[in-house]
Amino acid sequence: MPEPDWDRWRGEFPGLRKSVYLNTCSLGQLSRRSRAAVRRFLDQWQAHGAAAWYSDWLKELDQTRREFARLVGAAVDEVAVMPNVSSALAAISSSLDFAAHNRVVACELDFPTLCHHFLAKEPLGVSTAILSSPDGVHVPLEAFAEAVDERTALLAASRVYYTSGYLQDVAALAEIAHRHGALCLIDDYQGTGQVPIDVKQAGVDFLVTGGLKWLIGGPGVAFLYVRRELIPSLRPTVAGWFGQRCQFDFDPRNMEFRDDAGRFEAGTPAVAALYAARAGLEIINAIGPANLRLRTALLNQDLAGRLQERGYRLRIPADPGRHAGITAVPVENPAGVTRALAQRRIIVDNRPGVVRVSPYFYNTPEENEAFALALDEAVRRGRGAGRRAAGVL
Ligand SMILES: Cc1ncc(COP(=O)(O)O)c(C=O)c1O
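Definitions and limits used
- Residues numbered from 1 in each chain as written.
- Predicted model: local features only at pLDDT ≥ 70, side-chain atom pairs only at ≥ 80, totals over all residues.
- Heavy atoms only, no water.
- Helix = DSSP H or I, 4+ residues; strand = E, 2+ residues; numbered from the N terminus.
- Buried < 20%, exposed > 50% of the residue type's maximum accessible area, 1.4 Å probe, protein only.
- Contact = heavy atoms within 4.5 Å.
- Lys, Arg positive; Asp, Glu negative; His and termini not counted.
- Charge placed at Lys NZ, Arg CZ, Asp CG, Glu CD.
- Near = heavy atom within 4 Å.
- Polar contact = N/O pair within 3.5 Å; in protein donor to acceptor, adjacent residues only side chain to side chain.
- Areas by Shrake-Rupley, 256 points an atom, 1.4 Å probe, with all protein chains shown as cover.
- 1 Å grid on protein atoms, 1.4 Å probe; cavity = no way out; pocket = protein on both sides within 12 Å on 5 of 7 lines; lining within 4 Å.
- Sits in = over half its atoms within 2 Å of the grid points.
- Phe/Tyr/Trp six-rings, centres within 6.5 Å; stacked < 30°, edge-to-face > 60°.
- Axes fitted to C-alpha atoms, helices over the stretch in contact; angles between N-to-C directions.
- Left-handed = near helix turned anticlockwise from the far one by under 90°.
- Nonpolar A, V, L, I, M, F, W, Y, C, P; charged D, E, K, R; others polar.
- Points joined across faces, edges and corners; volume = space filled by probe spheres on them.
- Core = buried A, V, L, I, M, F, W, Y, C linked by side-chain atoms within 4.5 Å.
- Patch = residues over 30% accessible without salt bridge, like charges linked within 9 Å, V, L, I, M, F, W, Y side chains within 5 Å.
- Salt bridge = Lys/Arg side-chain N within 4 Å of Asp/Glu carboxyl O.
- Pairing = 2+ DSSP bridges.

Caption draft 1: Representation of the overall build of the protein chain within the structure. Counting its secondary structure elements, the protein chain contains 12 helices and 12 strands. Considered along the principal axes of its C-alpha atoms, the protein chain spans approximately 75 × 55 × 45 Å. Within the span of the protein chain, comprising 393 residues, buried residues form 55% of the whole. Within the protein chain, contacts between residues separated by at least 24 positions form 71% of all contacts whose residues are at least 6 apart in sequence. Computing the positive centroid from 45 side-chain charges and the negative centroid from 44, the protein chain places the two 7 Å apart.

So this is what it looks like as structure tokens:
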């Protein structure tokens, strides 16, 4: 496959002219394609009113589903389009029987919503084991293997940890879960798009992910993959009319779930968000996840090298093959440093103890250098201010 013309793709994102934007793990950039798609939605709304549902909007829902299925190697009928990952988790967990197996295994590096979701079920008897990380970067597979047992209903794990960028071996996790008769759910919000995944090869049961980061589709749309063989046995108790086989019969007494993963959808989708999301997915599919991974890995290694040369001790995976596009830089006062950088129009974000930097295909090594230079200055100034505040100077 020929290498994509990265300069041309960069031109799709006019916002990149205004700042050094290294924060895709928080929010991907807006493309011209997404902007044009949302404008199309507005035109349809104005021109057709409610008829737009039938002329265009329901088709848009299915096209978005199709585009996502293609990206992750799923069949179209294994994908539900959801408003966010938290609702996808709710739909799935509402379908599981925790009476016989009441244990969920997750870890402290997962995005909190994953753990919070199951902790909230404690009053219903669900017990959530949150595994610790030995280094703040990863959790070894052995720890999962030890924690999952015959009581376990679900192993819920991230493929890419949102602070360290560590790329977890999800096929191995699925194998661990299945060995004990448990199911495996992957939160792939920080992975889909930037690192290829084939849900069939990975052997996972569920995959949840959202559109606003590495899928450059903006907020309001998330995706849920459910392995086909499981669908008929799962009956969500969080439900709504979009999940019904005869949605337009308007019969409140007849409740028959759709046969496909659409049964996990509940109410009216945010249509403007669908337009932005599909346009983002089209770009990701056009470039191809393999190309995206190569480019992002290159930019990350470039960034890590520049920072390490300057003496920063990064909180990243030791093996570059396990490092996805997030680089955590431990600094004092990360929020202050992030603000100081933003004043110079260098956009990153922060999490406890670290500044998080996440170059994507549309970034350049020159932007990495601009960030590294400005970081040095912000850290130096921060130290000076700290000493002044402490009366040292
Ligand atoms: C790994 C991961 N999961 C989930 C979420 C958010 O979930 P939700 O769509 O429910 O807001 C994020 C957001 O930052 C995330 O990084």
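Caption draft 2: Fine view of the site of the ligand. In the neighbourhood of the ligand, the contacting residues comprise Asn-84, Val-85, Ser-86, Phe-111, Thr-113, Asp-187, Tyr-189, Gln-190 and Lys-213. The side chain of Ser-86 places a nitrogen or oxygen atom 2.5 Å from an oxygen atom of the ligand. The separation between a nitrogen atom of the ligand and a polar side-chain atom of Asp-187 is 2.7 Å. Within the complex, the protein chains bury 84% of what would otherwise be the 400 Å² of accessible surface of the ligand. In this structure, the ligand is accommodated by the second largest pocket.

Caption draft 3: Region of interest: the packing of aromatic side chains. Taken as a whole and assessed by the stated rule, the structure comprises 19 aromatic pairs. Arranged with centres 5.8 Å apart and planes meeting at 45°, the rings of Phe-41 and Tyr-275 form a pair that is tilted. Of the two residues, Phe-41 sits in helix H2 (residues 32–48) while Tyr-275 sits in helix H9 (residues 271–287), which places them 234 residues apart along the sequence. Each member of the pair Phe-41 and Tyr-275 is classed as buried. Aromatic side chains Tyr-161 and Tyr-166 sit 6.2 Å apart centroid to centroid with 15° between the ring planes, which places their arrangement in the stacked category. Tyr-166 gets classed as buried once you look at its relative accessible area, which sits at 14%. One aromatic cluster is present, formed by Trp-6, Phe-13, Trp-214, Tyr-360, Phe-361 and Tyr-362 through successive ring pairs.

Caption draft 4: Inspection of the packing of helix H4 (residues 85–93) against helix H5 (residues 112–119) at higher detail. Where H4 contacts H5, the axes come no closer than 10 Å and their chain directions differ by 35°. Like other packed secondary-structure pairs, H4 and H5 cross with a definite hand, here right-handed. Listed contacts from H5 to Val-85, Ser-86, Leu-89, Ala-90 and Ser-93 of H4 are Thr-113, Leu-114, His-117 and Phe-118. Its residues placed into classes, the contact of H4 with H5 shows 5 nonpolar, 4 polar and no charged.

Caption draft 5: Expanded view of helix H7 (residues 170–179). All buried positions along H7 are accounted for by Val-170, Ala-172, Leu-173, Ala-174, Ile-176 and Ala-177. Where H7 is buried, its residues meet helix H6 (141–147), strand E5 (152–158), strand E6 (183–187) and helix H8 (199–202). Near the N-terminus of H7, the side chain that reaches the backbone nitrogen of Ala-171, with its oxygen 3.3 Å away, is that of Asp-169. Looking one or two places after H7, you find Gly-181, whose phi comes out positive at around 75°.

Caption draft 6: Quick peek at the packing of helix H3 (residues 52–72) against H9. Across the interface, H3 lies against H9 with an axial gap of 9 Å and an inter-helix angle of 35°. Like other packed secondary-structure pairs, H3 and H9 cross with a definite hand, here left-handed. Of H9, the residues touching H3 (which contributes Trp-53, Asp-56, Trp-57, Glu-60, Leu-61, Gln-63, Thr-64, Glu-67, Phe-68, Arg-70 and Leu-71) are Val-271, Leu-274, Tyr-275, Arg-278, Leu-281, Glu-282, Ile-284 and Asn-285. Considered class by class, the residues forming the contact of H3 with H9 number 10 nonpolar, 3 polar and 6 charged.

Caption draft 7: Quick look at the layout of surface pockets. A volume near 420 Å³ is recorded for the largest pocket. Only helix H11 (334–343) and helix H12 (365–389) provide two or more residues apiece to the lining of the largest pocket. With 8 residues, the top contributor of residues to the lining of the largest pocket is H12. Split by residue class, the lining of the largest pocket holds 10 nonpolar, 4 polar and 5 charged. In this structure, the second largest pocket occupies an estimated 280 Å³ of space.

Caption draft 8: Quick look at the nonpolar core. Phe-144, Val-204 and Phe-361 are the most contacted members of the largest nonpolar core, which totals 64 residues. When residues of this core are assigned to their parent elements, the largest contribution, 7 residues, is made by H9.

Caption draft 9: Quick peek at a positive patch on the surface. Taken together, Arg-17, Lys-18, Arg-32 and Arg-345 make up a surface patch of like positive charges. Relative to the assigned elements, Arg-345 resides in the loop between H11 and strand E10 (346–347). What makes Arg-345 exposed here is its relative accessible area of 55%.

Caption draft 10: How the structure looks around the sheet that holds strand E11 (residues 349–351). Judged by pairing direction, the sheet is antiparallel, and its 3 strands sit side by side in the order E9-E12-E11 without closing on themselves. Looking at the sheet topology across the chains shown, the edges are occupied by strand E9 (327–330) and E11. Neighbour to neighbour, the strand axes of the sheet diverge by 35° on average, direction disregarded. The pairing of E9 with strand E12 (residues 354–357) spans 4 bridges and is classified as antiparallel. Its bridge partner lying in E12, Val-329 is registered against Val-355. Those strands touched by H11 are E11 and E12, and its axis lies near 180° from that of E11.

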